[in-house]
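Next come the chains, spelled out residue by residue.
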Amino acid sequence: MTLGGNVKLTGRKALVGEIRPPGDKSISHRSIILSMLASGRSEIFGISRGQDVLAGIEIARQLGADVTDHGSRISIEAHGLNEPSSVLNVGNSGTLMRLLTGVLAPRDGLFVLNGDESVNSRPMGRVLGPLKEMGATITGRQSNTLAPVSIVGSRLHGGDFSNLPPSAQVKSAILFAGLRADSPTTVTEAVPTRPHTEEMLLEAGAGITIVPGPNGVKVTVTPTAVIQSKTWRVQGDTSQAAFWVVGGLLAYGSELLVKDVLVHPTRSGFIEVLNRMGAKVELHPLGPRSSDISMRFSQLTATSIGGEEVASMIDEIPVLAIAAARAEGTTVIRNAAELRLKETDRISTTCEMLRNFGVVVEEFDDGMAITGSDRPFLPATIQSHGDHRIAMSAAIGSLLVDGETEIIGSDCVSTSYPSFFTKLGLLTV
Ligand code: S3P
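Read on for a plain summary of the structure. Predicted, not measured: the structure shown is a model, and the values here were computed from it.

Our focus in this paragraph is the overall build of the protein chain. When helices and strands are counted, the protein chain shows 13 helices and 23 strands. Here the C-alpha radius of gyration of the protein chain, 21 Å, is about what a compact globule of 429 residues would show, namely 22 Å. Taking the principal axes of the C-alpha coordinates as reference, the protein chain spans close to 60 × 45 × 40 Å. Classification of the 429 residues of the protein chain by burial places 59% in the buried group. Once local pairs closer than 6 in sequence are excluded, the contacts in the protein chain between residues at least 24 apart make up 74%. Total accessible area on the protein chain is roughly 15,600 Å²; 50% of this is exposed by carbon and sulfur atoms. Of note, the protein chain has its 38 positive side-chain charges centred 2 Å away from the centre of its 44 negative side-chain charges.

At a minimum axis distance of 9 Å, the contact between helix H4 (residues 125-133) and helix H6 (residues 168-178) shows a crossing angle of 30 degrees. With respect to each other, H4 and H6 are oriented roughly parallel. When the axes of H4 and H6 are compared, the crossing they make is right-handed. Together, Arg 126, Val 127, Pro 130 and Leu 131 of H4 and Val 170, Ala 173, Ile 174 and Ala 177 of H6 make up the contact between the two elements. Here the residues of the contact of H4 with H6 sort into seven nonpolar, no polar and one charged.

Counting residues in hydrophobic clusters, the biggest one holds 71 residues, and the most contacted among them are Trp 244, Val 258, Leu 274, Ile 370 and Phe 420. For Phe 420, the residues in contact, after removing those within four places along its chain, are Phe 243, Trp 244, Met 392, Ala 395 and Val 413. Counting 65 residues, the second-largest nonpolar core is a separate cluster that includes Ile 47, Leu 81, Met 134 and Leu 156.

Residue alternation in strand S22 (residues 380-383) divides its side chains into a buried set, Ala 380 and Ile 382, and an unburied set, Thr 381 and Gln 383. Sheet topology note: the S22/strand S23 (residues 404-408) ladder contains four bridges and is parallel. Bridge pairing links Gln 383 to Ile 408 in S23. Remark: the S22/helix H12 (residues 388-398)/S23 crossover connection has right-handed handedness.

This part takes up the packing of aromatic side chains. A complete count under the given rule lists seven aromatic pairs for this structure. Ring centres of Tyr 417 and Phe 420 lie 5.5 Å apart, and the angle between their planes is 70 degrees; on these two criteria the pair is classed as edge-to-face. In textbook terms, an aromatic cluster arises when at least three aromatic residues are bridged by ring pairs, as seen for Phe 243, Trp 244, Tyr 417, Phe 420 and Phe 421. The aromatic ring of Trp 232 is capped on one face by Lys 230, whose charged end is 5.5 Å from the ring centroid. The positively charged end of Arg 334 is found above the aromatic ring belonging to Phe 364, 3.8 Å away from the centroid.

Once that is clear, we can look at the side chain of Thr 331. Position of Thr 331 among the secondary structure elements: in strand S19 (residues 330-333). One polar contact links the side chain of Thr 331 to the main-chain amide nitrogen of Thr 303, over a distance of 3.3 Å.

With that settled, the discussion passes to the side chain of Lys 171. Within the secondary structure, Lys 171 is located in helix H6. Take Lys 171: its relative accessible area is 0%, and that puts it in the buried class. Within polar-contact distance, the side chain of Lys 171 engages the side chain of Glu 198 at 2.8 Å. Setting aside anything within four residues of it in sequence, one finds Lys 171 in contact with Asn 163, Val 187, Glu 189, Thr 193, Arg 194, Pro 195 and Glu 198.

Below, the discussion takes up the packing of helix H1 (residues 25-37) against helix H7 (residues 196-203). It is the contact of H1 with H7, at a shortest axis distance of 10 Å, that shows an interaxial angle of 40 degrees. In this view, H1 runs oblique relative to H7, as classed from their interaxial angle. Crossing geometry of H1 relative to H7 is assigned as right-handed. Residues Ser 26, Ile 27, Arg 30, Ser 31 and Leu 34 of H1 touch H7, and the partners they reach there are His 196, Thr 197, Met 200 and Leu 201. Classifying every residue of the contact of H1 with H7 by side-chain character gives four nonpolar, four polar and one charged.

Right, let's get into the pairing of strand S5 (residues 73-78). Relative to S5, strand S3 (residues 40-45) runs antiparallel, the two sharing six bridges. Considered in S5, the bridge of Glu 43 is made with Ser 75. Pairing between strand S4 (residues 66-69) and S5: four bridges, direction antiparallel. Looking at S5, one finds that Asp 66 is bridged to Glu 77. What sits between S4 and S5 in their antiparallel hairpin is a turn of three residues, with Gly 71 showing a positive phi close to 90 degrees.

Within the secondary structure layout, Ile 333 lies in strand S19. Linking Ile 333 and Asp 366, residues 33 residues apart in sequence, is a C-alpha distance of 7.8 Å. Once you skip the residues sitting within four places of it in the chain, Ile 333 turns out to touch Ile 305, Ile 317, Phe 364, Asp 366, Gly 367, Met 368 and Ile 370.

Criteria and thresholds
- Residues numbered from 1 in each chain as written.
- Predicted model: local features only at pLDDT ≥ 70, side-chain atom pairs only at ≥ 80, totals over all residues.
- Heavy atoms only, no water.
- Helix = DSSP H or I, 4+ residues; strand = E, 2+ residues; numbered from the N terminus.
- Rg over C-alpha atoms; globule rule 2.2 N^0.38 Å.
- Buried < 20%, exposed > 50% of the residue type's maximum accessible area, 1.4 Å probe, protein only.
- Contact = heavy atoms within 4.5 Å.
- Areas by Shrake-Rupley, 256 points an atom, 1.4 Å probe, with all protein chains shown as cover.
- Lys, Arg positive; Asp, Glu negative; His and termini not counted.
- Charge placed at Lys NZ, Arg CZ, Asp CG, Glu CD.
- Axes fitted to C-alpha atoms, helices over the stretch in contact; angles between N-to-C directions.
- Parallel < 35°, antiparallel > 145°, perpendicular 65-115°, else oblique.
- Left-handed = near helix turned anticlockwise from the far one by under 90°.
- Nonpolar A, V, L, I, M, F, W, Y, C, P; charged D, E, K, R; others polar.
- Core = buried A, V, L, I, M, F, W, Y, C linked by side-chain atoms within 4.5 Å.
- Pairing = 2+ DSSP bridges.
- Right-handed = clockwise from strand over helix to strand, strands pointing away.
- Phe/Tyr/Trp six-rings, centres within 6.5 Å; stacked < 30°, edge-to-face > 60°.
- Lys NZ or Arg CZ within 6 Å of the ring centre and 35° of its normal.
- Polar contact = N/O pair within 3.5 Å; in protein donor to acceptor, adjacent residues only side chain to side chain.

Read these as spatial facts, not as claims about activity.
This is how it looks when you write it as structure tokens:
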């Protein structure tokens, strides 16, 4: 977790111009992992340069891959996957911690995965449980519930698992482990989560089937000897685009185009919710998975968010909460208890942020109720608590303040979006 750094932002500003968010973090992580599993040389265009992804690149090097940075692209040439001589550090990235546990469980060697204070307090039992059922030898702190974890590569068996609570990270860990098991492995998910791992594995020639069924989608991986090297192109991060979309909608006078954003039904729930609230958000498709997004200042009305749709906007809820604070009526968010297990307890840190802006909010175990108003937000000091998405949500909130907002611990944006505050400065008028 990056602590430190404070910024002061002056409010009542609009966002004007064009912005391409950094490469999607979820896809960036997977493109590195698939490249380090592949035989031959892979190229990645548009990768995120956030600290989370840089941690993945460093780990690929520790595991024996040659990584060359050419500026607009990086190339990764793997030579098998070697036992590293030291601990692998995922930094603040829960995604890396979970995915790599699955990747390494069937590999020869001893691997120790460590994270920062935040990652090491997030649940790992949900990953270690199924992997141990497959025969993995993994030990985690506090009776196998927390990282650091140590893995002694073992022979794994296939299995059948339900993805509950719905988690793309857990699903991905099981699928990566299943690549080297001695029989097929299936993950069934009643609630769809981002399918980037299975879709990218399929593209790289792995044995993957994705079959809809009465209990949800069944994703099956068959043991695969060779992962093909590829050229990966990473589109703009959907979750980072969400900050600009909400800013462009709420800040009066904004004229913003968010460019080349990854649009996927399992990720774009926030756009559906905003449209339901009366937002004027338009997609301008560039290809099957990428769009420019334009938006116009909109008067929003409250909505209810809950059930299955929560998984499709899990990372966007802090900034959706800023939108809800400007909507007429009370927006109720339920079934979002997973938010308590993110980089921070995001139910608590989002409610704290809103209260500091003078917004009326009630906290529930699994969500919150936000009473909207068109009054300006109050000048505030907001603690990021080291959580990049809270810092960026607060920055979008600052556009609505009559006065100054100070964000304490603003440096944490570098985990996913190092240039965020520079870009904000360039777009605000
Ligand atoms: C991610 C999955 C989500 C999301 C995280 C990235 C991924 O977590 O919150 O930021 O890349 O697989 P869960 O799968 O645990 O919900």
